Amino acid sequence: MPYPGKLIANGAVFIEDNRIIQVSRQSEIPTENDYDIIRVSQENCLLMPGLVNAHCHLELTEFADLCPVPGTVDFIDWIISVIAVKRATPTETFRTGLATGQQLLLESGTTCVGDLRSPEIFQSPGISPSILRAVHFLEIIGQDPRKQLQLLELLADKASIVPGKKPLIQSGIAPHSPYTVSLPLLKQLIIEAEKRKLPVTIHIGESVAEIRFFRDVQGPIAEKLYPYVGWQRFIPPAYGRDSLDVLLEKQIIHKLSAVHLGTARKDQLRQFVQLSIKPIICLRSNQTLGNPLPDLPAILDYNLSPSLGTDSLTSVNSLSLWDEMRFITRVFPSIPAISILTMATINGAAALGLENSIGKLEAGYEADLIAVQIKSPQRFPDLDELIKNTGNQDIKLVMVGGGIVRL
Ligand SMILES: [Zn+2]
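Residues numbered from 1 in each chain as written. Predicted model: local features only at pLDDT ≥ 70, side-chain atom pairs only at ≥ 80, totals over all residues.

Digging into the overall build of the protein chain
Counted only if it meets this: The secondary structure listing takes helices from DSSP runs of H or I that are at least 4 residues long and strands from runs of E that are at least 2 residues long, numbered from the N terminus. Just to be clear, the radius of gyration here is over C-alpha atoms, and the globule rule we use is 2.2 Å times residues to the power 0.38. Exposure criterion: with C-beta atoms placed from backbone coordinates, a residue whose C-beta has 20 or more other C-beta atoms within 10 Å is buried, one with 12 or fewer is exposed, and one in between is partly exposed. We call two residues in contact when the distance between their C-beta atoms, placed using the backbone, is within 7 Å.
The helix and strand inventory of the protein chain stands at 16 helices and 14 strands. Scaling as 2.2 N^0.38, a compact globule of 407 residues should have a C-alpha radius of gyration of about 22 Å, and the protein chain matches this with 21 Å. Projecting the C-alpha coordinates of the protein chain onto the three principal axes gives extents of approximately 70 × 45 × 40 Å. Each of the 407 residues in the protein chain was classed as buried or not, and the buried ones make up 44%. Pairs at least 24 apart in sequence give 74% of the contacts found in the protein chain among residues at least 6 apart.

Here it is in structure tokens:
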């Protein structure tokens, strides 16, 4: 399946080094040269693009048991607990989480991740190299532009470590949210990212608390979160409208990926088209944290190419995009399987700025692919059944950049 919906019987992928040369029937692949052949021997195995998890916080992988069970406390109380746990946890725990998280992603057939990392982890020299493709987003939280913009120096350091050829890891910038980054800082971060041609991602419209904060400076963000982190002097004026209204009216956001959008209205989403804003959807995380779910059918109606993220194990019980896809089929049964698989592949690549190198199997693309054992007896798999039935045990091969990382 070179991309969702396109199926080739007895197919094969011809790869040289890290790149795909040809995708066709086996009989059409050149045989005159002495190439290695990897035969996925199980019957009814589907070769398809590796999945792209566009939003994750791998550094929190070991935090599941340290944070309150999602849904048992108010969302902002939960965020305050996560901050407290992060402050009290040694760097080693974050590092272990990165390694464990990568393994969990690979086991479930994810070959690329958009991974948000706090500055200490982003710059940590002891982090082992990534075995899957990743965009490491430097997560920025703060109010003072002069202080926070200095963090962008970390991006230059990281770029210099990368060897000559195109690396598996690229950098991006993640201003955390419109209520944890001041609007002047947010504006400057987006300008800086554009200068450096880096992707930007931001959590927006995740909670009702965010709306209350922007509308009338009330609710738990003003009353609990800001005092907890000592930001009382940064409390903004009441805007009388919600965060997305303000960001759109002030023309602060454009050409970025917006994560969550549970509170986004149709008229706001419609404006995303012109502004090249790509939604990233984390439905299970929204559900467990008691936050509203985004209007995914409207997002699809406006051709906004939504992609999928899992968020971290602090809010979901697995990093599997198959679980995420199954959840969509339950909540929005009218959305066809082909659209859901497109969200998990092509759209995820686009959300990370990698649309010309991954997300489908095509000549010239990076060889990031998986083989999935399918259970249906038909020659071609039914895509609804594929989403319904695929678990980790069905992932028979995982390849990243032409290298086999799981077989
Ligand atoms: Zn997140």
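Regarding the sheet that holds strand β9 (residues 257-260)
The condition that has to hold: Two strands are said to pair when DSSP picks up at least two bridges between them.
Taken together, the four strands give an open sheet; going across it, the order is β8-β9-β10-β11, and neighbouring strands pair in parallel fashion. Unpaired on one side and paired on the other, β8 (201-204) and β11 (307-308) mark the two borders of the sheet. The sheet contact formed by β8 and β9 spans four bridges and is parallel. Residue pairing for β9: Ile204 is matched across the bridge by His260.

Observations regarding the domain arrangement of the protein chain
Where we set the bar: Domain start and stop points were drawn from an automatic or database domain assignment. Residue type decides the class: Asp, Glu, Lys and Arg count as charged, Ala, Val, Leu, Ile, Met, Phe, Trp, Tyr, Cys and Pro as nonpolar, and the leftover types, Gly among them, as polar.
Domain annotation of the protein chain identifies domain 1 (11-48 + 362-406) and domain 2 (50-351). On the domain 2 side, the residues contacting the 17 residues of domain 1 number 20 residues. When residues in the side of domain 1 that touches domain 2 are grouped by element, the largest group, four residues, is from helix α16 (residues 383-389). Tallied by class, residues from the side of domain 1 that touches domain 2 come to nine nonpolar, four polar and four charged.

Side note on unusual backbone geometry
Outside of glycine, negative phi angles account for most residues, and trans bonds account for most peptide bonds. One non-glycine residue, Lys197, adopts positive backbone phi at about 55°. In the Ramachandran plot, Gln251 falls in the positive-phi region, its phi being about 55° despite a non-glycine side chain. Here Gln251 is to be found in the loop between α9 (243-249) and β9. For Gln251, a count of 9 C-beta atoms within 10 Å puts it in the exposed group.

Quick word on the sheet that holds strand β14 (residues 403-406)
This is how it is decided: Throughout, an axis means a line fitted to C-alpha atoms (over the contacting stretch in the case of helices), and angles, computed between N-to-C directions, take values from 0 to 180 degrees.
The antiparallel open sheet is built from four strands, whose spatial order is β3-β12-β13-β14. In the strand order of this sheet, the two ends are held by β3 (45-49) and β14, each with one partner. Neighbour-to-neighbour, the strand axes of this sheet turn through a mean angle of 25°, independent of strand direction. Where strand β13 (residues 395-400) and β14 come together, three bridges link them in antiparallel fashion. Residue Met399 lies in a different strand from β14, and its bridge partner there is Ile404.

Some thoughts on helix α7 (residues 208-216)
Rule in force here: Regarding the arc, it is the one traced by the directions from the helix axis to the C-beta atoms.
When we look at burial in α7, the residues that qualify are Ala209, Glu210, Phe213 and Phe214. Take α7 and look down its axis: the buried residues cluster within an arc of 130°, on one side only. Among the structural elements, α1 (75-88), α8 (220-229) and α9 are those in contact with the buried residues of α7. Positive phi shows up at Val217, right after α7, with a value of about 50°.

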